[in-house]
Amino acid sequence: MIKKVVLVLVSIDLKKENHSLYTPGVASILASLKGCESIEAVPLVNNLPNVNSKLVIHEIINIIKRHPTETVKIGFSVFAWNKKIVVEIVKNLRTLGYCNQTIFGGASVTSTKENLEQILPGADVYFRGYAEEILPELLRSNIGTKIVGVHWAGDKDDGKIARLKQTPISPLLSGIYDNTSMMHFWLLTAIGCLYSCAYCLYDFGTGKRRIINFDMNRIQQEIVCLADRKMESIKIVDAIFND
């Protein structure tokens with residue numbers, strides 16, 4: 001029997017009032033893990049700037065204690081605005097004796113091409129790129145397993161990025177937002193960009209000048225779902241929407 005893995009997915013983001021509980025990235029990861037055999041994702045959402053690191057640590061420890069017979073791993077989406085507090089949280093968890101495998105992903109990891117462990121210390125494993133297609137394999141893997149986009153702390157860093165091969169599962173249609181309250185929604189209609197601007201990471205998960213367009217039937221179903229929920233606004237997220 002395969003031992004169950006519980007992923008505490010910690011999100012510390014800049015979220016506006018009345019927007020969805022989960023950012024598009026976190027929601028997409030939750031959708032990709034939903035239904036995965038022997039994997040359970042437990043989201044832990046906190047909103048900047050009023051984050052209490054001690055409270056986050058307390059909540060993580062409570063989740064660990066609620067799953068005494070499962071393997072609990074902790075994942076962080078790391079960005080410029082939260083990397084300092086993420087590193088602090090992991091350091092304090094270690095000091096308290098909680099050495100659960102810790103995973104760093106997100107834009108700050110993907111954009112760091114070298115010295116990753118020095119710039120973002122504390123993680124056991126880092127991944128660059130989109131997590132949707134590699135995370136189930138990573139969570140079930142032994143330490144050191146070779147996976148494109150994954151860097152294990154202490155190993156040589158090849159700097160490779162995990163690229164999306166297909167359209168991610170819709171968080172909206174798979175029920176990720178069913179029990180959340182929101183009046184504004186970010187609707188993704190494509191991933192990637194035709195351009196390669198040096199200052200931008202928008203195409204990092206698809207490859208240069210590659211677009212993954214979402215199926216029109218999916219987009220229509222999502223719009224109907226949002227209309228049924230009486231959204232005040234729907235904001236389109238698409239790098240080339242008006243190109």
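Heads up: the structure comes first, above all this text.
Residues numbered from 1 in each chain as written. Predicted model: local features only at pLDDT ≥ 70, side-chain atom pairs only at ≥ 80, totals over all residues. Heavy atoms only, no water.

## Let's talk about the side chain of Ser-141
- Structurally, the position occupied by Ser-141 is in the loop between helix 6 (135-140) and strand 6 (150-152).
- In terms of polar contacts, Ser-141 uses its side chain to reach the backbone carbonyl oxygen of Glu-137, at 2.5 Å.
- For Ser-141, the residues in contact, after removing those within four places along its chain, are Lys-73 and Ile-147. (Helix = DSSP H or I, 4+ residues; strand = E, 2+ residues; numbered from the N terminus. Polar contact = N/O pair within 3.5 Å; in protein donor to acceptor, adjacent residues only side chain to side chain. Contact = heavy atoms within 4.5 Å.)

## With respect to the pairing of strand 3 (residues 71-77)
- Within strand 3, six of the seven residues are buried, which leaves it mostly tucked inside the rest of the structure.
- Inspection of the sheet shows strand 1 (residues 5-13) paired to strand 3 by six bridges, in the parallel sense. The residue bridging Val-5 from the neighbouring strand is Thr-71, located in strand 3.
- Bridging between strand 3 and strand 4 (residues 102-105) involves four bridges; their strand directions are parallel. Across the sheet, residue Phe-76 finds its bridge partner in strand 4, namely Phe-104.
- Note on the crossover from strand 3 through helix 3 (residues 83-95) to strand 4: the handedness is right-handed. (Buried < 20%, exposed > 50% of the residue type's maximum accessible area, 1.4 Å probe, protein only. Pairing = 2+ DSSP bridges. Right-handed = clockwise from strand over helix to strand, strands pointing away.)

## What about the packing of helix 2 (residues 53-66) against helix 3?
- One can describe the packing of helix 2 onto helix 3 by two numbers: an axis separation of 10 Å at closest approach and a directional angle of 50°. Classified by the angle between their axes, helix 2 and helix 3 sit oblique to one another. The element helix 2 and its partner helix 3 pack so that their crossing is right-handed. Within the contact between the two elements, helix 2 uses Ser-53, Val-56, Ile-57, Ile-60 and Ile-61 and helix 3 uses Ile-85, Glu-88, Ile-89, Asn-92 and Leu-93.
- Taken together, the residues that form the contact of helix 2 with helix 3 break down as seven nonpolar, two polar and one charged. (Axes fitted to C-alpha atoms, helices over the stretch in contact; angles between N-to-C directions. Parallel < 35°, antiparallel > 145°, perpendicular 65-115°, else oblique. Left-handed = near helix turned anticlockwise from the far one by under 90°. Nonpolar A, V, L, I, M, F, W, Y, C, P; charged D, E, K, R; others polar.)

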